[in-house]
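Structural description and commentary
Residues per chain are reported as follows:
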Amino acid sequence: MLGQTLREVSVALKQGQVTPTELCQRCLSLIKTTKFLNVYIIVSEEVALKQAEESKKKYEEGHSLGDLDGIPIAVKDNFSTSGIETTCAPNMLKGYVPPYNAIVVQKLLDQGALLTGKTNLDEFAMGSGSTDGIFGPVKNPWSYSKQYREKRKQNSHSENEDSNWLITGGSSGGSAAAMSAFTCFAALGSDTGGSTRNPAAHCGVVGLIPSYGLVSHHGVIPLVNSMDVPGILTRCVDDAATVLGILAGHDPKDSTTIQDPVKPFTLPSLTDVSKLCIGIPKEYLTPELSSEVQSLLVQTANLFESEGAKVIEVSLPHTSYSIVCYHVLCTSEVASNMARFDGLEYGHRCDNDVSTEAMHAATRREGFNDVVRGRILSGNFLLKENYENYFVKAQKVRRLIANDFVNVFNSGVDVLLTPTTLSEAMPYTEFIKEDNRTRSAQDNIFTQAINMAGLPAVSVPMALSSQALPIGLQFIGRAFCDQQLLTVAKWFEKQVQFPVVQLQELMDDCLAVFENEKLASVSLK
Ligand code: GLN
């Protein structure tokens, strides 16, 4: 039951095979069993069970039901949740309880979803590993699959679990791991430079970033407002479309959302891909790309071609500027965004009565980790007297990067196909050898430009690597052609059959291991 898709579990609820309360209890119990993965920062047990009871009544009394009625979902801890602590994982916001829900959270709740909890992340979503928050790193559930452990043994790696476990990717690693540990049926992440797609690829789930402006980001604690998009993590593409249908639409509280009415996203079960033109950007075939990912890309190209689609090499000539450009714009917006954390309005305040200025400084020193402080410093440097040379120039480069995509789509390409990540998830011990900035640059090489261009993109799990770890590929669509993008992704998913076969196997392996970990007794926060 816990490995089912949204659609399947919704049918099970409607047919009375399970009640919302039973389903919720099963998820909560699995959250307890998998506490050692460090997926959740807050488990909203009471809230979820209360919502489940209300939903159960609706099912019993035949009231009209929402699309997610009785279905447990998890939300990254940078989405505001009314009455539930929202921390973003720094000291700064520890204990902060927002008085309102982010619009997207409210929309899920309005459809009857049960909120199981808030998931772990890098501090203020700055990172690509889910390793840099005050609550510690998230462990990838795939580290515990029987197949992966056997491979490690064959390669004579140490059997010590602590040195073997893998990162989830990030910064929405908690949400991706919540999905692949079967503790919920859909999860929200945020995506500013790849933070939903990257962990989705490493955790073997679907990760969607909708077109910028399709979904409100009101109530999402901002990282880079001009690039932040609420992301959707699900077990299959159809589920991502269902959640997108619930979330999309104009929000008077977010002036960046489109005014046009949004139709539901219903994906056809049969798709003819023979008229499609798929582009593969040549700049994305970097020397650092693992040979396994590269060969999956070629296999996918062949798959489309064998169905009559045209697959061509395209060029996005400004790709090499994307990482630096992102860095300039990101740190500049971070410096501005983080100014609100001054010890007066929200969260942490250092008791320093020497002067107000000293209080601000001490609060911010204690409240932020060195990654956040580093970005604030860079951003202030870039914005001050260097504004024209850096910020304005980077905005112009951003336009060139976005125009590369426009040109490719105008030349007749329908969808772009790229890797999501350079390789499979890495062991934590390897990952932390580099600093946060270098890691983010490496890990978001195929994802950041899409945020700068405001395009929709989805990472779909394709296969297991030779190490038995998931690899996902990314499809990128034209702005506001999310329906077309998801239709192509669904066709691809159907051909590769990853979620059905592999996830089911992982579930069996993992559940056995989770039980053995005997950590179920650890109490919930
Ligand atoms: N890794 C990138 C960064 O640290 C992207 C983060 C994100 O998408 N939230 O800025």
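Above: the structure in question.
As a starting point, this report considers the structure included with it. (Residues numbered from 1 in each chain as written. Predicted model: local features only at pLDDT ≥ 70, side-chain atom pairs only at ≥ 80, totals over all residues. Heavy atoms only, no water.)

Some thoughts on the environment of Thr183
Here Thr183 shows up in the loop between helix H7 (173-180) and strand S4 (186-191). Residues Thr183 and Ile323 lie 140 residues apart in sequence; the distance between their C-alpha atoms is 34 Å. Not counting residues within four places of it along the chain, the set of residues in contact with Thr183 comprises Cys27, Leu30, Ile31, Thr34, Tyr40, Thr116 and Ala178. Among the polar contacts listed, one links the side chain of Thr183 to the side chain of Tyr40, at a separation of 2.9 Å. (Helix = DSSP H or I, 4+ residues; strand = E, 2+ residues; numbered from the N terminus. Contact = heavy atoms within 4.5 Å. Polar contact = N/O pair within 3.5 Å; in protein donor to acceptor, adjacent residues only side chain to side chain.)

Quick notes on the packing of helix H11 (residues 322-337) against helix H14 (residues 388-410)
The geometry of H11 relative to H14 is characterised by a closest axis approach of 9 Å and an angle of 130° between their N-to-C directions. The orientation of H11 relative to H14 falls into the category oblique. The handedness of the crossing between H11 and H14 is left-handed. Of the residues in H14, those in contact with Ser322, Cys325, Val328, Leu329 and Ser332 of H11 are Tyr390, Phe391, Ala394, Gln395, Val397, Arg398 and Ile401. Considered class by class, the residues forming the contact of H11 with H14 number eight nonpolar, three polar and one charged. (Axes fitted to C-alpha atoms, helices over the stretch in contact; angles between N-to-C directions. Parallel < 35°, antiparallel > 145°, perpendicular 65-115°, else oblique. Left-handed = near helix turned anticlockwise from the far one by under 90°. Nonpolar A, V, L, I, M, F, W, Y, C, P; charged D, E, K, R; others polar.)

Here's the deal with unusual backbone geometry
Gly170 connects to Ser171 through a cis peptide bond whose omega is 15°. Assignment of secondary structure puts Ser171 in the loop between helix H6 (161-164) and H7. Positive phi values are uncommon outside glycine, yet Phe480 reaches one of about 65°. With respect to the secondary-structure elements, Phe480 resides in the loop between strand S11 (470-476) and helix H18 (482-496). The phi angle at Gln497 is positive, at roughly 55°, despite the residue not being glycine. Within the secondary structure, Gln497 sits in the loop between H18 and helix H19 (498-517).

Quick word on the pattern of salt bridges
Applying the stated criterion across every chain yields a total of 11 salt bridges. A salt bridge links Lys32 to Glu45; the shortest N-O distance between them is 3.9 Å. Of the two residues, Lys32 is situated in helix H2 (residues 20-33) and Glu45 in helix H3 (residues 45-61); the sequence distance between them amounts to 13 residues. Here Lys32 falls in the partly exposed class, since its relative accessible area comes to 28%. On the basis of relative accessible area, Glu45 is assigned to the partly exposed category, the value being 27%. (Salt bridge = Lys/Arg side-chain N within 4 Å of Asp/Glu carboxyl O. Buried < 20%, exposed > 50% of the residue type's maximum accessible area, 1.4 Å probe, protein only.)

A closer look at the sheet that holds strand S1 (residues 40-43)
The strand order across the open sheet built from 11 strands is S1-S3-S2-S4-S6-S5-S10-S11-S9-S7-S8, with neighbouring strands paired in mixed fashion. What marks the edges here is a single partner per strand, and that holds for S1 and strand S8 (310-314). Each strand of the sheet is rotated relative to its neighbour by a mean of 30°, with strand direction disregarded. As defined by bridge partners, strand S2 (residues 72-76) adjoins S4 across three bridges and the pair is classed as parallel. Bridge pairing in S4 places Val75 opposite Leu188. Set on the sheet, H7 makes contact with S1, S2, strand S3 (114-119), S4 and strand S6 (229-234); between it and S4 the angle comes to about 160°. Across the sheet, H18 is in contact with strand S5 (206-209), strand S7 (277-281), strand S9 (415-419), strand S10 (457-464) and S11; its angle to S10 comes to roughly 5°. (Pairing = 2+ DSSP bridges.)

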